[in-house]
Amino acid sequence: MTKVKHGRNGFSKKKHKKYLGIGYEERREQREEKNEARLFTHQDVDLDAVCSLWFIERFVYPNKTFKKMFVPASYDGKGMGRDDIAVDIEAGGKGIKGSVDKDNFCHSSFYTLFKKNYLSRYNYQSLIPLVRIVDKKDVYGKVSLAPADKKWGKKDTEALEKTKVLSLALSTFKMSYNNDDELVCQVMFDLLDGFFMKNHEMRLLRDEIEKKSFNCGCVIVVETSLDLSFAKIVFN
């Protein structure tokens, strides 16, 4: 019987030499490619699907890279791996879909993700206007058809009007990029980032004003420093 000499890690010397010849970076890339997580959603993406993908990449797994997979709405989830995620599709029971409320209305998958994941106070408050508009559009078809509700607190008409632009932008990008879902998501993610950052800055500003305000009888004095300037605003 031939005796086989083994090197490190239990490899035969011949096999070990072949393994080392691949190179560390190439082996790492092969492992990452093999274990690369994927995000599934339906083809011809709508606002709910885009926002759900964006939310997962920005807030749920911000340090993870996903490969986006656009499949038919009837996709049965076959071939999905352990780390893969499907949103706004059933995917044979593996997908994240909107929950059904007591009035039998099916909400958006974006709203479901928003409810189930922990967010910091500022992120939570900054996302509320966007979640509200996407969810109402998904439930009622048009925001204008949605009745006023107390679930989100005081209705922010200005925020709702601004967010309506996202639907128009999505339609425009679909036409411009010939319904290439990957490209459409890229440009929409930039818009959503900007929308979120604007709301985030406004929340920080409100908190700064509240912290630096004090009562002087019937006058409220507010001290705040913005854009490297110092201002005093007096409200009578």
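Residues numbered from 1 in each chain as written. Predicted model: local features only at pLDDT ≥ 70, side-chain atom pairs only at ≥ 80, totals over all residues. Heavy atoms only, no water.

1. Quick notes on the overall build of the chain
Each helix and strand in the chain was counted, giving seven helices and seven strands. Across the chain, helices and strands are ordered from the amino to the carboxyl terminus as α-α-β-α-β-β-β-α-α-α-α-β-β-β. A separation of at least 24 residues holds for 54% of the contacts in the chain among residues at least 6 apart in sequence. (Helix = DSSP H or I, 4+ residues; strand = E, 2+ residues; numbered from the N terminus. Contact = heavy atoms within 4.5 Å.)

2. Points about the sheet that holds strand 2 (residues 67-71)
Overall, parallel pairing links the four strands, which are arranged 2-1-3-4 in an open sheet. Single-partner strands in this sheet number two, and they are strand 2 and strand 4 (95-96). With two bridges connecting them, strand 3 (residues 85-87) and strand 4 associate as parallel partners. When the sheet's bridge partners are listed, Ala86 is paired in strand 4 with Gly95. Strands in contact with helix 3 (residues 47-60) are strand 1 (38-42), strand 2 and strand 3; relative to strand 1, the strand with the most contacts, it is inclined by about 165°. (Pairing = 2+ DSSP bridges. Axes fitted to C-alpha atoms, helices over the stretch in contact; angles between N-to-C directions.)

3. Describing the nonpolar core
Grouped together as the largest cluster of nonpolar side chains are 37 residues, with contacts concentrated most on Val50, Trp54, Phe55, Phe110, Leu127, Leu130 and Met188. Those elements that place two or more of their residues in this core are helix 3, strand 3, helix 4 (109-116), helix 5 (121-140), helix 6 (157-176) and helix 7 (181-211). For this core, the element with the highest residue contribution is helix 3, accounting for nine residues. When near neighbours in sequence (up to four residues on either side) are disregarded, Met188 contacts Leu47, Val50, Leu166, Ala169, Leu170 and Phe173. In this structure, Val71, Tyr75, Met80 and Ala91 belong to the second largest nonpolar core, which totals seven residues. (Core = buried A, V, L, I, M, F, W, Y, C linked by side-chain atoms within 4.5 Å. Buried < 20%, exposed > 50% of the residue type's maximum accessible area, 1.4 Å probe, protein only.)

4. Observations regarding the pairing of strand 2
The sheet contact formed by strand 1 and strand 2 spans five bridges and is parallel. Following the sheet pairing, Phe40 is matched in strand 2 by Met69. Handedness of the β-α-β unit built from strand 1, helix 3 and strand 2 comes out right-handed. (Right-handed = clockwise from strand over helix to strand, strands pointing away.)

5. Remarks on the pairing of strand 1
The element strand 1 is largely enclosed, with a buried count of four among its five residues. Pairing geometry for strand 1 and strand 3, over two bridges, is parallel. Of the residues in strand 3, the one forming a bridge with Phe40 is Ala86.

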